[in-house]
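# Residue-level structural notes
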Amino acid sequence: MIVIAGILSAALAYLCNKVILKSFQDEGLTILVPLLEEMAKTTFAFFLKTNIIGTHFIFGCIEGIYDIFTSSKKIGKWAAVASILSHSFFGMVTYLTYTKTKFGFIAILVSWIFHSGWNWYVVKKL
């Protein structure tokens, strides 16, 4: 079920992110995309009653594969590693927040803050 949750969340994010990025550019990447992705990953994990961290990891692997094929050869593999590590980290944040609060909404919000901060750093600093 972890793989299915990861695939479904990645597919939903891919389709929605295309629309968001066309409409909102950098603001979409730093605010809306992280919110959508954290909601998708965590919601599919909850609905399919599967592991939150594992779902985030699978999502990161799928995003990493996408990065390899869509980025330059120079940075593609590093973007893939960053995707896997960052989404796994966001999964750990989500899981730990959920285990402490028992509120999925709060867990999503906390991971969204971390994800937005990461995307802002990547867009503005790198």
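No experiment lies behind these values; they were computed from the predicted model shown.

### As for the packing of aromatic side chains
By the definition in use, this model includes five aromatic pairs. Geometry around Phe 59 places Lys 41 over its ring, the cationic atom sitting 4.9 Å from the centre.

### Describing the packing of helix H3 (residues 73-101) against helix H4 (residues 104-125)
Contact pair H3 / H4: the axes reach a minimum separation of 8 Å and the direction vectors enclose 150°. The pairing of H3 with H4 is recorded here as roughly antiparallel in orientation. You can see that H3 and H4 cross each other, and the crossing is right-handed. Within the contact between the two elements, H3 uses Ala 82, Ser 86, His 87, Phe 89, Phe 90, Val 93, Thr 94, Thr 97, Tyr 98 and Thr 101 and H4 uses Gly 104, Ile 106, Ala 107, Val 110, Ser 111, Phe 114, His 115 and Trp 118. Looking at the contact of H3 with H4 residue by residue, the classes come out as ten nonpolar, eight polar and no charged.

### Notes on the packing of helix H1 (residues 2-47) against helix H2 (residues 52-70)
Closest axis-to-axis distance for the H1/H2 pair is 8 Å, and the angle between their directions is 55°. Compared by their axis directions, H1 and H2 come out oblique. Every pair of crossing elements has a handedness; the one defined by H1 and H2 is right-handed. In terms of residue class, the contact of H1 with H2 is made up of 14 nonpolar, six polar and four charged.

### Describing the side chain of Ser 83
The topology assignment puts Ser 83 in helix H3. Those residues within four positions of Ser 83 in sequence are excluded, and the remaining contacts are Gly 60, Glu 63, Gly 64 and Asp 67.

### Thoughts on H2
For H2, spanning 19 residues, the distance from its first C-alpha to its last is 27 Å, which sits close to the expected 27 Å at 1.5 Å a residue. Every buried residue of H2 is accounted for by Ile 52, Gly 54, Thr 55, His 56, Ile 58, Phe 59, Gly 60, Gly 64 and Asp 67. Contact partners of the buried residues in H2: H1 and H3. N-cap assignment for H2: the residue whose side-chain oxygen lies 2.9 Å from the backbone N of Ile 53 is Asn 51.

### Let's talk about H3
Its 29 residues place the ends of H3 42 Å apart at the C-alpha level, agreeing with the 42 Å of an ideal helix rising 1.5 Å per residue. For H3, the set of buried residues is Gly 76, Ala 80, Ser 83, Ser 86, His 87, Ser 88, Phe 90, Gly 91, Val 93, Thr 94 and Thr 97. Where H3 is buried, its residues meet H1, H2 and H4. Of the residues one or two after H3, Lys 102 is the one with positive phi, at around 65°.

The rules behind these values
- Residues numbered from 1 in each chain as written.
- Predicted model: local features only at pLDDT ≥ 70, side-chain atom pairs only at ≥ 80, totals over all residues.
- Heavy atoms only, no water.
- Phe/Tyr/Trp six-rings, centres within 6.5 Å; stacked < 30°, edge-to-face > 60°.
- Lys NZ or Arg CZ within 6 Å of the ring centre and 35° of its normal.
- Axes fitted to C-alpha atoms, helices over the stretch in contact; angles between N-to-C directions.
- Helix = DSSP H or I, 4+ residues; strand = E, 2+ residues; numbered from the N terminus.
- Parallel < 35°, antiparallel > 145°, perpendicular 65-115°, else oblique.
- Left-handed = near helix turned anticlockwise from the far one by under 90°.
- Contact = heavy atoms within 4.5 Å.
- Nonpolar A, V, L, I, M, F, W, Y, C, P; charged D, E, K, R; others polar.
- Expected span 1.5 Å × (residues − 1).
- Buried < 20%, exposed > 50% of the residue type's maximum accessible area, 1.4 Å probe, protein only.
- Polar contact = N/O pair within 3.5 Å; in protein donor to acceptor, adjacent residues only side chain to side chain.

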